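Spelled out from the first residue to the last, the chains are:
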Amino acid sequence: MIRDKVFEKVFKAINLASEKGLLGDFKEVTPENIAIEKPRNPEFGDFAVNVSFLARYAKKSPAQIAQEIADLVEAEGFELTVVNGFINFKTDMTNLSATLEYILRTGLDFGRNELGKGQKVLLEYVSANPTGPLHIGHGRWAAVGSALANIMKFSGYKVDQEFYINDAGNQINNLGKSLWVRVLNELGNDVKFPDKEEDGSKNYYPGEYLIDAAKEYVKENKSTAEEFFAKNPEPLNPSDEVVKIMSDFVKAMMLEQQKELLKTFKTEFDCWYSETALHQSGKVEEAIEKLKANDEIYEKDGADWFKSTKYGDDQDRVIVKSDGSYTYLTADVAYHYDKLQRGYDKLINIWGADHHGYVARIRASIQALGYNPNSLEVLLGQLVNLIVGGEQTRMGKRKKMYTLEDLIEEVGIDATRFWMIMRSIDTTLDFDIDLAKSCSDENPVYYVQYAHARASSIIRNAVQPKVDTETGETIPESIKLEDLVLLLNKATPDTFSPLWNVENEREREAAKQLTLKLDAFEDFVKLSAKTKAPYHIVRYLQELAADFHHFYTVSRVLNVESDLMKSRLLVVMSVKNILATALNLLGVNAPASM
């Protein structure tokens, strides 16, 4: 709100300077030209705008052009100073009070905006193979993806969330073969599971979760399994029928477990899109025919090749092999073609960093199919390192790994989500399990949640009578609940004047910095939505919690003069609301007590 006022004033002043011929051949300022920063030296003010980029048009020094523009700024509500090419704005108390009143009146909707303007977005993420438990990387994509969906919806986008089930291809056949060996073991057959390369181990899934799946299958289908064995005496060479039955059973089991875990992890999808269904629908053939009709396919060595180098890829790609089978890329091309046919304005995928080279191919196919390649945005995520006892732990074999489920059981849903979102997705995340479980200020999720609990506690204490532990007498509440509700409904900017009239400068400054931080929430929401980076909200929460804890330390809220108490109590309520809103966007609880 205050930042918006600064922007509007500078925007008008620069355009006015242009009209007056002060900026040479510079024509018109755009929002992208105006960057509002926080001055490095707090004494300079609360906001700083760098206008030195205009000096090259005006043929004047940055300091001179900054002064000329500052002279044209309608400075009401601010004190202006010029330092080199920066115009510094120091807000007055009227702005701060008006901001607090607006935040209070807006409540849990403060920060909501229309940045997206109703744009239809399909956000696809996690998309794990149904061949085993979700690993830690899946947990990072789940937390970031679901938080991003919340933030974008809060910012005026229409977002659908989709999970692409990779339930086709040779990996599924290998899964079926792997389960078959485990089923035979469960039936008492002494079949050695292939665990060496010379035995073909690369074509099997060694995870112990398949032992559990085999127990479940035999429990329900023992006689059928025995009949299959009688017809298939070679354990490592089962029939196609057996492989399909085994793979159908285990992939359904794995998928159901994934769905349940993700739901528990506050990650729910609007659509679970099956690769098998994609093939069965004929959409793969439809996409190939479209590419052929657009003259984007040529034949070479008996295979069909996509002219992806035409669109910036480093080499052309096979779409149909010489034996008539499809490559992995083929289904992905068809899948993205189907996405665009569904009418989405924007496609956002969250992929692992190992898919980096894949992005150009999919964008190339989108353009070749007649769509804007920029309609696809891919967020590439780096790995998660788990730190246990100060040392990195493995995420390899089941006995020595943390699956996502293990991690959630260890540290809880809130800590897992908060930590997963805490860093930019394009950087490796060190997840310190011991710290994430700790109840200390060093644990960022605890520090933020405690701020909300503290705000909730202050409000509870304000409206509840207390008992003097020495005398046993009841001490009346600081303010009656009905009076607090009335105060909330009738608060005006003048209600907050006592905040700025206290003699103690530290108290005034703490209230001011807290108000400015509250005011910045909408900017952080927009930044997160625009850059597709939820970690900005985490950073904001940590900063807001720090400012609130400081405010609480230097400023008594209750047991002070009535008007001052009321104004500070309303500030606490505003903090509580914004903390709750921001935590909710991340899918993290805002506890009332801790």
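Owing to the predicted nature of the structure, the values given are computational and were not obtained by experimental measurement. (Residues numbered from 1 in each chain as written. Predicted model: local features only at pLDDT ≥ 70, side-chain atom pairs only at ≥ 80, totals over all residues. Heavy atoms only, no water.)

What follows concerns the packing of helix 7 (residues 209-231) against helix 8 (residues 240-264). Where helix 7 meets helix 8, the axes come as close as 11 Å, and the angle between the chain directions of the two elements is 140°. The orientation of helix 7 with respect to helix 8, classified from their angle, is oblique. The way helix 7 lies across helix 8 gives a crossing that is right-handed. The segment helix 7 lies against helix 8, with Tyr209, Leu210, Asp212, Ala213, Glu216, Tyr217, Glu220 and Phe228 engaging Glu241, Val242, Ile245, Met246, Phe249, Val250, Met253 and Met254. For the contact of helix 7 with helix 8, the residue count by class is twelve nonpolar, no polar and four charged. (Axes fitted to C-alpha atoms, helices over the stretch in contact; angles between N-to-C directions. Helix = DSSP H or I, 4+ residues; strand = E, 2+ residues; numbered from the N terminus. Parallel < 35°, antiparallel > 145°, perpendicular 65-115°, else oblique. Left-handed = near helix turned anticlockwise from the far one by under 90°. Contact = heavy atoms within 4.5 Å. Nonpolar A, V, L, I, M, F, W, Y, C, P; charged D, E, K, R; others polar.)

Moving on to the packing of aromatic side chains. One pass over the structure, following the stated rule, counts 23 aromatic pairs. Measuring from centroid to centroid gives 5.5 Å for Phe163 and Phe269, while their planes differ by 85°, and the two rings are edge-to-face. Of the two residues, Phe163 is situated in strand 6 (residues 158-165) and Phe269 in the loop between helix 8 and strand 7 (271-274); the sequence distance between them amounts to 106 residues. Of the two residues examined, Phe163 and Phe269, each falls in the buried class. Three or more aromatic residues link up through ring pairs in this structure, and these residues are Tyr102, Phe110, Phe521, Phe524 and Tyr540. Over the face of the ring belonging to Tyr344 we find Lys120, whose NZ or CZ atom lies 5.3 Å from the ring centre. Here the basic side chain of Lys177 rests over the ring of Tyr204, its NZ or CZ set 5.0 Å away from the ring centre. (Phe/Tyr/Trp six-rings, centres within 6.5 Å; stacked < 30°, edge-to-face > 60°. Buried < 20%, exposed > 50% of the residue type's maximum accessible area, 1.4 Å probe, protein only. Lys NZ or Arg CZ within 6 Å of the ring centre and 35° of its normal.)

Within the fold, Ser308 resides in the loop between strand 9 (303-306) and strand 10 (317-320). Ignoring any residue separated from it by four or fewer positions in sequence, one finds Ser308 in contact with Asp313, Gln315, Asp316, Arg317 and Ala364. At 3.1 Å, the side chain of Ser308 forms a polar contact with the side chain of Asp313. (Polar contact = N/O pair within 3.5 Å; in protein donor to acceptor, adjacent residues only side chain to side chain.)

Here we take up the packing of helix 19 (residues 505-519) against helix 21 (residues 535-554). The interhelical angle for the contact between helix 19 and helix 21, taken along N-to-C directions, is 160°, at an axis separation of 9 Å. As far as their axial angle goes, helix 21 and helix 19 are roughly antiparallel. The two elements helix 19 and helix 21 meet at a crossing, and its hand is left-handed. Residues Arg506, Glu507, Ala510, Ala511, Gln513, Leu514, Lys517 and Leu518 of helix 19 lie in contact with helix 21, whose contacting residues are Tyr540, Glu543, Leu544, Asp547, Phe548, His550, Phe551 and Val554. Tallied by class, residues from the contact of helix 19 with helix 21 come to nine nonpolar, two polar and five charged.

A residue-level look at the protein finds 99% of positions with pLDDT of 70 or above and a mean pLDDT of 93. Contacts from residues 396-400, a stretch scored under 50 in pLDDT, to residues over four places away or in other chains number seven contacts. (pLDDT = per-residue confidence, 0-100.)

Among the nonpolar cores identified, the biggest contains 127 residues, and Ile14, Val126, Phe418, Phe431 and Phe521 are the most heavily contacted of them. At 13 residues, the largest contribution of residues to this core is made by helix 22 (residues 562-586). When residues no more than four places from it in sequence are discounted, the contact partners of Val126 are Leu134, His138, Trp141, Ala142, Phe163, Leu262 and Phe269. Counting 32 residues, the second-largest nonpolar core is a separate cluster that includes Tyr164, Tyr335, Tyr337 and Leu347. (Core = buried A, V, L, I, M, F, W, Y, C linked by side-chain atoms within 4.5 Å.)

Here five strands make up an open sheet; going across it, the order is 7-6-5-11-12 and the pairing parallel. Of all strands in the sheet, those bounded by a partner on one side alone are strand 7 and strand 12 (376-381). Direction aside, neighbouring strands of the sheet carry axes that sit 25° apart on average. Relative to strand 12, strand 11 (residues 346-352) runs parallel, the two being bridged by six bridges. By the bridge assignment, Ile350 is partnered in strand 12 with Leu379. The sheet strands contacting helix 12 (residues 358-368) are strand 11 and strand 12, and the helix crosses strand 12 at an angle near 170°. (Pairing = 2+ DSSP bridges.)

Here the focus is the sheet that holds strand 3 (residues 78-83). The four strands are arranged 1-2-4-3 in an open sheet whose pairing can be described as antiparallel. Lying at the two open borders of the sheet, with one neighbouring strand each, are strand 1 (36-37) and strand 3. As defined by bridge partners, strand 2 (residues 47-50) adjoins strand 4 (residues 86-91) across four bridges and the pair is classed as antiparallel. Among the inter-strand pairings, Ala48 is bridged to a residue of strand 4, identified as Asn88. Packing of helix 3 (residues 62-70) onto the sheet brings it into contact with strand 3 and strand 4, and relative to strand 3 it is tilted by some 165°.

Okay, the pattern of salt bridges next. The final tally for this structure, using the stated rule, is 26 salt bridges. Taking the shortest distance from any N to any O, the salt bridge between Lys310 and Glu296 comes out at 3.3 Å. Pair noted here: Lys310 is in the loop between strand 9 and strand 10 and Glu296 is in the loop between helix 10 (283-293) and strand 8 (297-300), with a separation of 14 residues, a long-range link. A single salt-bridge network, built from bridges that share partners, covers Glu162, Lys283, Asp338 and Arg342. (Salt bridge = Lys/Arg side-chain N within 4 Å of Asp/Glu carboxyl O.)

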